[in-house]
Amino acid sequence: MSDQDKRKQLMPEVLPAPRPTRPGSPRARTVGHMQRLLALAATGASVSACAKTPPKADSGAIEVPAQPPASAEPQAEEDASLPTRSDPSAVVPVPPPEPPTGYAVVDPMPPPARCMGLAGTIKAAAKWKQGNVMTVTLGKPGQSGSRYEASEPPSVSGGNLKSHTIKPDQVSLEIDVPSGSSGVYVSVAASCPAGNQHVSVQIRGAGGTLKPQGSTLVNVSDTW
């Protein structure tokens, strides 16, 4: 074998000597490694905090950066110059009204009269008696089986009821009408085979105001 062939031969592999294994079980070595990582992270945070510390001024005081402008958010503490909530002069904000929905609450309509057409069969008259006293009369109802009910006293508005006489087939009232009254309204109880209802009488002056010895307009209608 020539010297050139000897140089081309591989040298025996030389491996490094094995490092001694750390004492302890594998779990203990893992816990120790985690503790070293946590300690390294804490050290980095401390160094970062120290780097952000504002430099000291020549007088030895720490310079404080300027505060940002006050925002529109309400402060935690109320200004002493502003009125407190318990102060009567404090203005309480009122929420804006809700937009209209297009619906309104109205009074329910009364049920229809039970003796429909009864008022059309009654002749009513209003005459001045003396001074401001007016006499109102209702004739016999023309509807079959109908009558006036004396158990319920008549109701009068726009004047003062002085006296009344109620019979099954006739009603007579005396009413004191105050000066300047625009009208007198009378309600008398009546009945028919269908049930009970009222007959309403509206008395108005020809010129819009009731005047003693003046002309009157009388209207009779059926009501519940």
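Residues numbered from 1 in each chain as written. Predicted model: local features only at pLDDT ≥ 70, side-chain atom pairs only at ≥ 80, totals over all residues. Heavy atoms only, no water.

Student: Tell me about the overall build of the chain, and please be specific about residues and values.
Tutor: Assigned secondary structure in the chain consists of 2 helices and 9 strands. Counting helices and strands in the order they occur from the N terminus, the chain gives α-α-β-β-β-β-β-β-β-β-β. In the chain, which comprises 224 residues, the proportion classed as buried is 19%. Long-range pairs, those at least 24 residues apart, make up 49% of the contacts in the chain with a sequence separation of at least 6. Accessible surface for the chain amounts to roughly 17600 Å². Of this, 57% is attributable to carbon and sulfur atoms. (Helix = DSSP H or I, 4+ residues; strand = E, 2+ residues; numbered from the N terminus. Buried < 20%, exposed > 50% of the residue type's maximum accessible area, 1.4 Å probe, protein only. Contact = heavy atoms within 4.5 Å. Areas by Shrake-Rupley, 256 points an atom, 1.4 Å probe, with all protein chains shown as cover.)

Student: Describe the sheet that holds strand E2 (residues 133-138), naming the residues involved and giving the relevant values.
Tutor: The strands making up a sheet associate through backbone hydrogen bonding, with each pair oriented either parallel or antiparallel. Ordered by their spatial adjacency, 4 strands build an open sheet running E1-E2-E6-E5, and the pairing between neighbours is antiparallel. Each edge of the sheet is formed by a strand with only one pairing partner; in this case those strands are strand E1 (124-130) and strand E5 (160-167). The average undirected angle you get between the axes of adjacent strands in this sheet is 15°. The pairing of E1 with E2 spans 6 bridges and is antiparallel. Each bridged residue has a counterpart across the sheet, and for Ala126 the counterpart in E2 is Val136. (Pairing = 2+ DSSP bridges. Axes fitted to C-alpha atoms, helices over the stretch in contact; angles between N-to-C directions.)

Student: Please provide a residue-by-residue account of the state of the cysteines, values included.
Tutor: Per the counting criterion, the structure on display carries 1 disulfide. Each sulfur of the disulfide joining Cys115 and Cys192 lies 1.8 Å from the other. Taking the torsion about the S-S bond as the criterion, the Cys115 to Cys192 disulfide, at about -95°, is left-handed. You can see Cys115 sitting in the loop between helix H2 (26-51) and E1 and its partner Cys192 sitting in strand E7 (residues 183-192), a full 77 residues away along the chain. Here Cys115 falls in the buried class, since its relative accessible area comes to 1%. On the basis of relative accessible area, Cys192 is assigned to the buried category, the value being 10%. (Disulfide = S-S within 2.5 Å.)

Student: So, the environment of Val177: which residues are in play, and what are the values?
Tutor: When you line up the elements, Val177 lands in the loop between strand E6 (170-176) and E7. Along the sequence, Val177 and Gly159 sit 18 residues apart, while their C-alpha atoms lie 4.7 Å from each other.

Student: So what's going on with the side chain of Ser181? Residues and values would help.
Tutor: Following the sequence through the fold, Ser181 ends up in the loop between E6 and E7. Owing to a relative accessible area of 8%, Ser181 belongs among the buried residues under this scheme. There is a polar contact of 3.2 Å between the side chain of Ser181 and the backbone oxygen of Gly158. (Polar contact = N/O pair within 3.5 Å; in protein donor to acceptor, adjacent residues only side chain to side chain.)

Student: Which residues make up the pattern of salt bridges, and what values go with them?
Tutor: Under the criterion given, the structure shown has 2 salt bridges. The partner of Lys129 in a salt bridge is Glu174, and the shortest N-O contact between them spans 2.5 Å. Pair noted here: Lys129 is in strand E1 and Glu174 is in strand E6, with a separation of 45 residues, a long-range link. On the basis of relative accessibility, which here comes to 51%, the residue Lys129 falls in the exposed class. Here Glu149 and Arg147 are joined by a salt bridge, their closest N and O atoms 3.7 Å apart. On the accessibility criterion, Arg147 (39% relative accessible area) is partly exposed. (Salt bridge = Lys/Arg side-chain N within 4 Å of Asp/Glu carboxyl O.)

Student: Outline the side chain of Ser191, supporting the account with residue identities and numerical values.
Tutor: Among the structural elements, Ser191 can be located in strand E7. Only 2.5 Å separates the side chain of Ser191 from the side chain of Glu149, close enough to count as a polar contact.

Student: How would you explain the pairing of E6 if you had to name every residue and give the values?
Tutor: On E6, burial follows the alternation: Val171, Leu173 and Ile175 on one face are buried, whereas Gln170, Ser172, Glu174 and Asp176 on the facing-out side are not. One ladder, built from 7 bridges, connects E5 with E6; its direction is antiparallel. The residue bridging Thr165 from the neighbouring strand is Ser172, located in E6. Here E5 folds back onto E6, and the loop between the two strands holds 2 residues.

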